[in-house]
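Given next are the chains, with one letter for each unit.
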Amino acid sequence: MAKFKEKLNWRFGWLWFNKEKVFMKSWQKIPEQIRRLLVLMVLLIVLFLIVRSWLIPPDCGKYGHYRASAVDNIISQPLRYAGQVECGDCHEDHMEVKNAGYHKNLACEVCHGPAADHIENPDEVELLAPRGRGYCPLCHEYLPARPTGFPQIVSDSHNPMKPCIACHEPHDPKPPETPRECSACHAQIARTKSISHHVYVPCTRCHETPEEHKIRPRDFRPTKPQTREFCGGCHATQTPEIKGIPQVDLQTHGQRYVCWQCHYPHLPEAH
Amino acid sequence: MKKEQRKKLPRRDFLKNVLRSCAGLMLPGFLFAKEAGKKAAALLLDGLYNPAEHSWGMGIDINKCIGCGRCADACKKENNVPNVPFFFRTWVERYRVFENGETLIDSPNGAVNGFENLTDERTIIRSFFVPKLCNHCNNPPCVQVCPVGATFQTVDGVVLVDAEYCIGCRYCIQACPYGARFLHPETRTAEKCTFCYHRVVRGKLPACVEVCPTQARIFGELKKKASPLVRFMRMNKIRVLKPALNTEPRVYYSNLDMEVR
Amino acid sequence: MEEIIQHLAPLLKEISGYIYPNEIELHWGILVVIYPYITGLVAGAFILASLVKVFNVEEVQPTYRISLLTALAFLFVAPLPLLAHLGHPEKSYEIFLTPNTNSAMAMFGFVYAWYLMAVLLLEVWFDYRESLILWSQHETGLRKWIHKILSLFSTDISEKAIKFDKKAVKIITIIGIPSAFLLHGYVGFIFGSIKANPWWSSVLMPIVFLFSAIVSGIALIMIIYMVVTPLRGKEIDMRCLNKLASYLFYIMIIDFSLECLDFIHRIYESEESIKILAQLVSGKLFVSLVVIQLLMGMILPLGAIAIVKIFNLPDELKKLIYFLAALLVQVGIFTTRWNVVVGGQLFSKSFSGLTTYKMTFFGLEGLLMSIFLLLLPFLILYILFKILPPWDEARVTG
């Protein structure tokens, strides 16, 4: 310690011990008012630094300009949805049925609600499933904004008053009978067509539809007319005129296009 | 040569020790703090989850969204978001474009209760649903403006809010171009979608993705080859919301319409 | 929580078009309107004070110390509305602990501390030091000690020391002008840098803020000078008042031109947001923007001062017109802040809908609090006038 003090004096002693007293002298040279301000300023800065070092969050700046422990707070949040995999551990039977049907991509918790508590405590926390007519239409009620091909119904006219589960097993919701009509899924098109001049033209007149389409709609797609002559069967001037059906000369009218590239056959314009 | 080097090392160590003990005397808070920090960040550090190995993002296929709103509902339940129509971490919008070019947008209660069919005499030319959530921007304006560092982007790309540190100035809410943030009415701090970070670090999907019946939401890695998200981005033409603002979102939309903002 | 829901529920019906569901709650209310208004007054008053020291404008010398003290009084209050609007005022110190250097708002800590400590307090201290020493020599009791402490127990009133004080004041003022620009320019930048909001996002925002700040500062000093002087039983110096009015007039013309430029630029560029902004300006903001801010707060006072300048009116009438014009300017600048802050949140960032702001009366963010915060600086100013009399006759005799 004594050695250290000696060393310190040797290094910095000239500030206050030497005969010239350089430090004190130069301090005295500063105008009085500045000296007072300097003391006040140094006091304030030191105070600020002490308070700052005392208050600053310890783990700030570990990964970036934030408290590292904030991430721990966030991930300590309890889970409410357990995830599909967990359900299969106990409900193998339901799972097997579901995974073979149309609802194979639907998580159990969509209908049965968040299940984390139930898994934790299966006897006390019971999960319910909606049994009325209210829930299924969230997905299956007809809405123009829904993608075409998604199975939709209009609940007002679809077996009114009957709960959905009376006819459909939700784990394997294939319709009691394969849909006879295209409108079961293509409600938007059916609606549009119903107010058009083509109302009496059946879908199958223009679309050849493989039977499998009704079961695996995206894998087996219906056809579309590929030639101009197909529409020309009714609408070409060469064919015998039927009253009210507009006819055009296929030779001159829109040569490079198949008819449905301009005209929407489900709602052909009147003019 | 070797001897000199050996001599140097202890001296350097000594200096380090002196500096450390000086610092320790003057600012005792610092040392304790570092220890506390280590303890706090346990789960991440124990090797259960290494953020550096991941890079998260979400894809949204507009053509697949059926507007059931199960995502918005599940999000509220999973994250205890107040069940009132003013606060949403995610929501679904419905767009209806009419023949005269007019566009009507709605999102009743954020689609938590789904959508009802609205009768309108006019002919709809196109109509679709758009799920919205925090875009977890790579260039996040909310993080830029937070005065205290209470919102930040993690190494794996998720933008989070430190509710304990947030002072509730709401500058981040103003800076978010997507309206993804809100002030939690009870905690009075900013809140938003976390990509369900508490689920993701445990290897689970975000609640909204978990319950989506049609796989319209695709969550996954952006930088791994075998990732549903990477496949989605390979197979589709992709757009982000408000690209002109250069926020570089990590939420990617396919088949996005020009009317969507 | 119930309270907030009750407050928000009726707003659902006020929405026109579509807004993002999180936008129903409007986040920056009247308090954030008051904040830039008050900061503007600080910057404006200081810049007026600096005219005397830096540009040697002799005429406005009577208002020099008033301006300094006004700036100080308002600067003390400036952070309060910000503090009151926070969700967690008790955590506000974090802005000094871990300021995010990327955040315009975090710079508040530095700019405010710099302006208060390094500029205003220092300039007031150097300007008052001699007076403080002289006063404390003649006084007794509490006043003596207050003045002694305020002078930091300084005693040196030699000619050399006084000369040094004067030099210091001049240097601080020269540093102070850019600092005042910084103080309010940065408040403009807080809004101007938000690219998500087209109503705010503009490079002109800091400059428009700055000039409207100078306008409001000069007008405020006019009001205070015209109210305080008769109360003290003294004559109003018409030379000073005319000069103040001239400065007000010229700066208002610059401010008006800048605002017009901003407006024309927006219309001419006609970006994505133009339709919703047009809806906003012609609808929800029409009264406050066109009628109050533009007609009452800008064109009317400009015309009034122009009339005074053109025609040789009697002094009494001049005073009345100046006073009314200055009051109108205050109303105008306050609505300017309102139209920026609240106006910028009335339209949805989806650009397809408008919402409404409903002010509460009680509560931390209510009208009552706002009125209190607007009156508080005047109370502080009254106390400052008592402790540090700014009048010329107090300067020498003490």
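Fair warning: this is a prediction, and the values are worked out from it, not measured in the lab.

Taken together, the contact between chain C and chain A spans 11 residues of the former and 10 residues of the latter. A per-element tally of the side of chain C that touches chain A places helix α8 (residues 159-192) of chain C first, with three residues.

Looking now at the sheet that holds strand β2 (residues 90-98) of chain B. All names here are of chain B. Read from one edge of the open sheet, three strands run β3-β2-β4, paired in antiparallel fashion. Lying at the two open borders of the sheet, with one neighbouring strand each, are β3 (103-106) and β4 (124-133). Direction aside, neighbouring strands of the sheet carry axes that sit 20° apart on average. Both β2 and β4 contribute to a ladder of nine bridges, which runs antiparallel. Bridged to Val97 within β4 is Arg126.

So, on to the packing of helix α10 (residues 238-269) of chain C against helix α12 (residues 286-310) of chain C. Residues and elements named next belong to chain C. Running from N to C, α10 and α12 cross one another at 140°; their axes reach a closest spacing of 10 Å. Overall, the two elements α10 and α12 adopt an arrangement that is oblique. Crossing hand, α10 versus α12: left-handed. Contacts between α10 and α12 pair Ala245, Leu248, Phe249, Met252 and Phe256 from the former with Met298, Leu302, Ile305 and Val308 from the latter. Split into classes, the residues belonging to the contact of α10 with α12 amount to nine nonpolar, no polar and no charged.

Moving on, we get to the sheet that holds strand β9 (residues 217-221) of chain B. All names here are of chain B. In space, the four strands of this open sheet follow the order β9-β1-β11-β10, with mixed pairing throughout. Because the sheet does not close on itself, it has two edges, and the strands there are β9 and β10 (238-239). Packed onto the sheet, helix α9 (residues 228-235) meets β1 (56-61), β9, β10 and β11 (251-254) and runs at close to 115° relative to β9.

To continue, consider unusual backbone geometry. Residues and elements named next belong to chain B. One non-glycine residue, Asn246, lies in positive phi territory at about 55°. Exposure remark for Asn246: the 11 C-beta atoms within 10 Å place this residue in the exposed category. Phi at Glu248 is positive, roughly 50°, even though this residue is not glycine. By the secondary structure assignment, Glu248 is in the loop between β10 and β11.

Definitions and limits used
- Residues numbered from 1 in each chain as written.
- Chains lettered and ligands numbered in written order.
- Predicted model: local features only at pLDDT ≥ 70, side-chain atom pairs only at ≥ 80, totals over all residues.
- Contact = placed C-beta atoms within 7 Å.
- Helix = DSSP H or I, 4+ residues; strand = E, 2+ residues; numbered from the N terminus.
- Pairing = 2+ DSSP bridges.
- Axes fitted to C-alpha atoms, helices over the stretch in contact; angles between N-to-C directions.
- Parallel < 35°, antiparallel > 145°, perpendicular 65-115°, else oblique.
- Left-handed = near helix turned anticlockwise from the far one by under 90°.
- Nonpolar A, V, L, I, M, F, W, Y, C, P; charged D, E, K, R; others polar.
- Buried ≥ 20, exposed ≤ 12 C-beta atoms within 10 Å, placed from the backbone.

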